[in-house]
Amino acid sequence: MNPVRRPARLAAFAAASLLALAVGCAPADEGDDDTDASDSAASCEKADLPLKTDGQLTIGTDSPAYEPWFVDDDPSNGKGFESAVAYAVADQLGFAKDEVVWEAVPFNTSYQPGEKSFDFDINQVSITEERAKAVTFSEPYYKAAQAIITLEDSPYAKATSFADLKDAQFGAQVGTTSLNAIDQIAPAKQPRVYDDSNQATKALEVGQIDALVLDLPSAFYTTAAVLSEPGVIVGQFQPETGQSEEFGLLLQKGSELVGCLDEAITTLREDGTLADLEEQWLSQTTGVPELS
């Protein structure tokens, strides 16, 4: 979610998450981490970093930028899990907040091959083998389960297994691992695909689909703050590998910056910063049943 994209502009909602492995929007391919560590920069001193613009760290993310990953559609305010992570990484690299520049990058184009205008992108991009053929990923900064949501009055709201959902019409955003994860459910109908999460959420509200697949934190936010009709999280599930989906910072293929980003993420994981940010912005939430 892949990340999931949302329109609501409420104060930061405490969405659910699993333990930070640390890197939103669930997945068919387990990631080839493709960190290209052997190609990393010889020095992680600020002056030696291979940047798109000297003295400036350029970070990409989608627009709009949705909660709980960002707050008030403003990545530069440092609020929301991914905004906070981005600035924590920037700090590790030696950048002050006013030396960070944000650039709008559509989710579906961020992992396409070719030259990038950003140093890294943070946008609930799941690490997958297929994507890693075209771009380079950092160490994961977060991992999450996939979740299924329906409207409260749906006949599928009380489903307890994939078998109970076999006849449901599923939907998800194009290009997300949530869309790929629907294969694991094996529904009888082909899932419907939407250009963005706004369209997918509206499709659920108007009955075009019975169920929407999102990463778990986004599912909590969507049911609490986005849907105009009461919604429920039917359950969560893990990828077929048995491990949670991992989100990574995305770089141009072969970028020498990746080694320094890996060092920064490792430090933030080991000193507890990632766990603290997850607790602050995503919150520990239990009680969502596992589906299989």
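If you're wondering where the values come from, they're calculated on a predicted model, not measured in any experiment.

(A) Looking closely at the state of the cysteines. Inspection of every chain in the model, using the stated rule, returns one disulfide. Sulfur-sulfur distance for the disulfide between cysteine 44 and cysteine 260 comes to 2.1 Å. Its S-S torsion of approximately -95° makes the covalent link between cysteine 44 and cysteine 260 left-handed. You can see cysteine 44 sitting in the segment before strand E1 (57–61) and its partner cysteine 260 sitting in helix H7 (residues 258–270), a full 216 residues away along the chain. Owing to a relative accessible area of 2%, cysteine 260 belongs among the buried residues under this scheme.

(B) The arrangement of unusual backbone geometry in detail. Cis geometry marks the peptide bond from serine 63 to proline 64, where omega comes out at 5°. Within the fold, proline 64 resides in the loop between E1 and helix H1 (81–93). For the bond running from glutamate 67 to proline 68, omega is 5°, close enough to zero to count as cis. Within the fold, proline 68 resides in the loop between E1 and H1. One non-glycine residue with positive phi stands out, namely aspartate 73, at about 55°. On the secondary structure map, aspartate 73 appears in the loop between E1 and H1. Taking the relative accessible area as the measure of exposure, aspartate 73 reaches 33% and is therefore partly exposed. Phi angles above zero are rare outside glycine, and alanine 186 is one such case at about 60°. Structurally, alanine 186 is set in the loop between helix H4 (177–185) and strand E7 (192–194).

(C) Looking closely at the pairing of strand E4 (residues 135–144). Extensive coverage of E4 is indicated by the burial of eight of its ten residues. Note that E4 and strand E10 (residues 245–252) share seven bridges and pair antiparallel. Counterpart to threonine 136 in the pairing with E10 is leucine 251.

(D) Broad picture of the environment of glutamine 280. With respect to the helices and strands, the residue glutamine 280 is situated in helix H8 (residues 273–281). Counting along the chain gives 200 residues from glutamine 280 to glycine 80, while the straight-line C-alpha distance between them is 8.6 Å. Side chain to side chain, glutamine 280 and tryptophan 281 meet in a polar contact 3.5 Å long.

(E) Representation of the packing of aromatic side chains in the model. What the rule picks out here adds up to ten aromatic pairs. An angle of 35° between the planes, with centres 6.4 Å apart, marks the rings of phenylalanine 81 and tyrosine 141 as tilted. Here phenylalanine 81, found in helix H1, pairs with tyrosine 141, found in strand E4; they are 60 residues apart in sequence, far enough to count as distant. On the basis of relative accessible area, phenylalanine 81 is assigned to the buried category, the value being 0%. On the basis of relative accessible area, tyrosine 141 is assigned to the buried category, the value being 0%. Of the aromatic side chains, those joined through ring pairs into one cluster are Trp69, Phe81, Tyr141, Tyr142 and Phe247. Over the ring of tyrosine 87 we find lysine 97, and its NZ or CZ is 5.3 Å from the ring centre. Positioned over the ring face of tyrosine 111 is arginine 131, at 4.4 Å from the centre of the ring.

(F) Focus on a negative patch on the surface. Residues Glu270, Asp271, Asp276 and Glu279 make up a contiguous surface patch of negative charge. If you trace the backbone, glutamate 270 turns up in helix H7. Judged by relative accessible area, which is 67%, glutamate 270 ranks as exposed.

(G) A look at H7. An ideal rise of 1.5 Å per residue puts 18 Å on 13 residues; H7 measures up with 18 Å between its terminal C-alpha atoms. By the burial criterion, the buried members of H7 are Val258, Gly259, Cys260, Leu261, Asp262, Ala264, Ile265 and Leu268. In the core, the buried residues of H7 are packed alongside H1, strand E3 (120–121), E4, E10 and H8. Glycine 272, located one to two residues past H7, shows a positive phi value of around 90°.

(H) Representation of the pattern of salt bridges in the model. The tally for this structure, following the rule as stated, stands at four salt bridges. In this structure, glutamate 205 and lysine 202 form a salt bridge, with 3.1 Å as the shortest nitrogen-oxygen distance. Of this pair, glutamate 205 and lysine 202 both sit in helix H5 (residues 197–205), three residues apart, which is roughly one turn of that helix. A relative accessible area of 46% means that lysine 202 is categorised as partly exposed.

Here is what the cut-offs are and how they apply
Residues numbered from 1 in each chain as written. Predicted model: local features only at pLDDT ≥ 70, side-chain atom pairs only at ≥ 80, totals over all residues. Heavy atoms only, no water. Disulfide = S-S within 2.5 Å. Helix = DSSP H or I, 4+ residues; strand = E, 2+ residues; numbered from the N terminus. Buried < 20%, exposed > 50% of the residue type's maximum accessible area, 1.4 Å probe, protein only. Pairing = 2+ DSSP bridges. Polar contact = N/O pair within 3.5 Å; in protein donor to acceptor, adjacent residues only side chain to side chain. Phe/Tyr/Trp six-rings, centres within 6.5 Å; stacked < 30°, edge-to-face > 60°. Lys NZ or Arg CZ within 6 Å of the ring centre and 35° of its normal. Patch = residues over 30% accessible without salt bridge, like charges linked within 9 Å, V, L, I, M, F, W, Y side chains within 5 Å. Areas by Shrake-Rupley, 256 points an atom, 1.4 Å probe, with all protein chains shown as cover. Salt bridge = Lys/Arg side-chain N within 4 Å of Asp/Glu carboxyl O. Lys, Arg positive; Asp, Glu negative; His and termini not counted. Charge placed at Lys NZ, Arg CZ, Asp CG, Glu CD. Expected span 1.5 Å × (residues − 1). Contact = heavy atoms within 4.5 Å.

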